[in-house]
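Topology and contacts: notes
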Amino acid sequence: MIDKQKKIIYFDHAATTPLSKKAFESMIPFFMDDFGNASSLHVLGRKSAFAVTEARAKIASLIGAKTNEIYFCSGGTESCNWAIKGFLDKGTHIITSSIEHPSIMAPLKELEQKGIKVTYLPVYKNGIVKPSDLEKAITKDTALISIMFANNEIGTIQPIKELTAIANKHKIPFHTDAVQAIGSMAINVKDLNVDMLSLSAHKFYGPKGIGALYIKGGIRPNKLIHGGSQERTMRGGTSNVAAIVGCCVALEEALNNLDDNSKHIRVLRNTFIDRVLCEIEHCYLNGDRDRRLDNNANFVFDFVEGESILMMLDLNGIAVSSGSACSSGSLSPSHVLLSLGVPIESAHGSIRFSFGIGNTMDHINYAVDKLKETINKLREMSPLFLQVKGDSKFV
Ligand code: PLP
């Protein structure tokens, strides 16, 4: 996507996506004429309530759920917090992976302080959990398993169906954070056999501040947000009608165009990876080359700082991310890259490129050229690189 005034080449779709025009237009009436509170009994309220009901039914059908299994909330973070904290008093052990998003990691840390034991499964060099590790980690006290569908930094996709088969054998509820995957892949909760799944609209060209937790019938996490009787008494708070409608329209649009979009983005991403690996020395792709989201390429560039690369690309009108957007601003190296075994110094030189439907091959070629220039310039200023270059091994 290019910003018309600033000509920004946007390669940060894993952080957020631009709002689809169709989704935007679908929301407008609910900010203006149809502004009623969906809990009000009069005609304006009923109109809003109807829109929410329709959106809930549509989203449910798009992911293979029943209408009453979708609970709207404020986004991916709330959805993940709910899934985790909702199991606080249901056992003393939770299993997760070592590369989860902070919206899973932070509530788990809080639960650990309350005495819950948490097992963090390794992901090895390719960024993927081994089902046999899950089997070994289960104990009689395990109350919940939460393993993300696709990682936000390196894009690796977990073998969720194999993992849920193990969870189901032991009758343990299974949650997956599918925030990065929904809208980029066909996902059917029944087929996957998950008990809870988190989604967030702004990752699939929908509005920010709206998401949902799918909760399979029969699974009863405790409430996270207490208040009115919205969301069938499970989540208090006035329904964000416009955002709910926009979320539904964006998801439908993304899934209707899934094959074409995926193909387009995959071709761009593969060209980008091939060119970068071939034309820039001392750089590595993080995570499995094939079992990853179509839109993700995450590299380590040795001897340079990720933040410096990011800033120089930004000056050239290219928007990327160093580590995940949520952890940028923190100078600690990404826990995801460290879990892959990437050395701390290299983890500091990582950049995530995440592509989207508005990108073109021209963007890719321009960005690779600018990236090469950037890395060369930065390395010319790196004493470590100059030292290594002088070393006969590398000349
Ligand atoms: N989970 C993953 C994997 C994410 O990438 C994100 C956002 O980056 C979230 C959860 C949180 O979603 P939200 O931004 O809607 O709170």
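Structure: see above.
Overview of the structure. (Residues numbered from 1 in each chain as written. Predicted model: local features only at pLDDT ≥ 70, side-chain atom pairs only at ≥ 80, totals over all residues. Heavy atoms only, no water.)

Spatially, 7 strands are ordered β2-β8-β7-β6-β5-β3-β4 in an open sheet, and the strand pairing comes out mixed. Two strands lie at the open edges of the sheet, namely β2 (70-73) and β4 (117-121), each paired on one side alone. Taking the axes of each pair of neighbouring strands and ignoring which way they run, one obtains an average angle of 20 degrees across the sheet. (Pairing = 2+ DSSP bridges. Helix = DSSP H or I, 4+ residues; strand = E, 2+ residues; numbered from the N terminus. Axes fitted to C-alpha atoms, helices over the stretch in contact; angles between N-to-C directions.)

Turning our attention to the environment of Ser79. Inspection of the secondary structure puts Ser79 in helix α3 (residues 76-85). Note on Ser79: relative accessible area 0%, which makes it buried. Considering only alpha carbons, one finds Ser79 and Lys372, 293 residues apart in sequence, at a separation of 40 Å. When neighbours within four sequence positions are excluded, Ser79 is seen to be in contact with Cys73, Leu197, Ser198, Leu199, Ala212 and Leu213. A polar side-chain atom of Ser79 sits 2.9 Å from the main-chain carbonyl oxygen of Ala212. (Buried < 20%, exposed > 50% of the residue type's maximum accessible area, 1.4 Å probe, protein only. Contact = heavy atoms within 4.5 Å. Polar contact = N/O pair within 3.5 Å; in protein donor to acceptor, adjacent residues only side chain to side chain.)

Another point: the environment of Tyr366. Looking at the element boundaries, Tyr366 is found in helix α13 (residues 361-380). Residue class for Tyr366 comes out partly exposed when judged on its relative accessible area of 32%. Engagement of the side chain of Tyr366 in a polar contact is seen with the backbone oxygen of Asn316, the distance being 3.0 Å.

Residues Leu19, Phe24, Ile28, Phe31 and Met32 make up a contiguous nonpolar surface patch of about 490 Å² in total accessible area. If you trace the backbone, Phe24 turns up in helix α1 (residues 21-31). On the basis of relative accessible area, Phe24 is assigned to the partly exposed category, the value being 44%. (Patch = residues over 30% accessible without salt bridge, like charges linked within 9 Å, V, L, I, M, F, W, Y side chains within 5 Å. Areas by Shrake-Rupley, 256 points an atom, 1.4 Å probe, with all protein chains shown as cover. Salt bridge = Lys/Arg side-chain N within 4 Å of Asp/Glu carboxyl O.)

Just geometry here; none of it tells us what the structure is for.
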